[in-house]
Amino acid sequence: MTDITDGKSVTVSGSGTKSYTLKNVGGVYSCNCPAWSFQSLPIELRTCKHLKAYRGIAVEEAAGGEAVENVPSRRAASSSSSTARVHTSENSSKPPQLLLAHKWEEGMDINNWWVSEKLDGVRAYWDGENFISRQGNYFLAPDWFVEELPKVALDGELWGGRQNFQSTVSITRRQDRGGNWNEILYIVFDAPAVEKPFEERMQYLKETFAACQPKYGAIARHHICAGPESLQQELARVESLGGEGLMLRQPRSLYASGRSSTLLKVKNFHDAEAKVTGHVPGAGKHEG
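Please read all numbers here as calculations on a predicted model, not as lab measurements. (Residues numbered from 1 in each chain as written. Predicted model: local features only at pLDDT ≥ 70, side-chain atom pairs only at ≥ 80, totals over all residues. Heavy atoms only, no water.)

A. Layout of the pattern of salt bridges. Overall, the coordinates contain nine salt bridges when judged by the stated rule. In this structure, the salt-bridge partner of Arg201 is Asp190, at a minimum N-O distance of 2.6 Å. Within this pair, whereas Arg201 is found in helix 6 (residues 198–212), its partner Asp190 is found in strand 10 (residues 185–190), the two being separated by 11 residues in sequence. Of the two residues, Arg201 and Asp190, both sit in the buried class. For Lys267, the salt bridge is made with Glu244, and the minimal N-O distance between the two is 3.1 Å. Taken together, the positions of Lys267 in the segment after strand 14 (258–266) and Glu244 in the loop between helix 7 (228–240) and strand 13 (245–249) put the pair 23 residues apart, joining distant regions of the chain. Take Lys267: its relative accessible area is 29%, and that puts it in the partly exposed class. On the basis of relative accessible area, Glu244 is assigned to the partly exposed category, the value being 22%. Taken together, the shared-partner salt bridges connect Lys118, Glu244 and Lys267 into one network. (Salt bridge = Lys/Arg side-chain N within 4 Å of Asp/Glu carboxyl O. Helix = DSSP H or I, 4+ residues; strand = E, 2+ residues; numbered from the N terminus. Buried < 20%, exposed > 50% of the residue type's maximum accessible area, 1.4 Å probe, protein only.)

B. Unusual backbone geometry, seen in detail. Here Gln163, not a glycine, exhibits a phi torsion of approximately 60 degrees, which is positive. With respect to the helices and strands, the residue Gln163 is situated in the loop between strand 9 (154–159) and helix 5 (165–172). A residue is classified by how much of its surface remains accessible, and Gln163, at 65% relative accessible area, is exposed. The phi dihedral of Gln213 is positive, around 45 degrees, even though this residue is not glycine.

Here it is, written out as structure tokens:
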């Protein structure tokens, strides 16, 4: 068995004259061959004949074929082992029942609704101990990142700053509880377990965060919308700073799972026309 150092890649021979690149990023191994690229499994569970040949069949099948039912212990997930891989899948946890937004349309009455910036990050439910994605996968944040967060249910966004979506995804999807999590902030915009109107939930969050003062946690800022003109001005301001858009929250609304008209997203969509002048076969990771 041969392993790949974290953050490194190797080139192996395929059939004929083709060659493929194997990578290890935070314990997640990948290959740019079509067989690996087009699998429907989560990336941390995929394997292929090239990875099996390089790392060993037993190691790859064990790593790719067994998904744990419960979140692994924080202390048990060792990033020092070159052969161990932390396994997660869409069945690692029951997906959280999150509130989802509708799109705001012209003509909707949003006077006196609450406005906040739409963060271009990774949605994450905090169950008091772990971050869970909308699909039920665990984000393996380091102990030092979560140790000051309150032990209550929170709904928020793992955010790496404006126009940093790709790096945010890269950091939060790692399977070794490392990799620049100090560049991430957990922005909280709701308390799902508090069965009270939105304004009272926000007050609850302010009091809760004041008590624990988490270094890597913050509460999303909201202000009252004065109407469509005010909304467009705020949207232009946020977009000029590199932001993605806005979120609107109905006053006195309750937290409900699923898509709701009490939560609206506001974005400008930029369309353009183009003429296709030709096409060529894909190469590298786009082969096939």
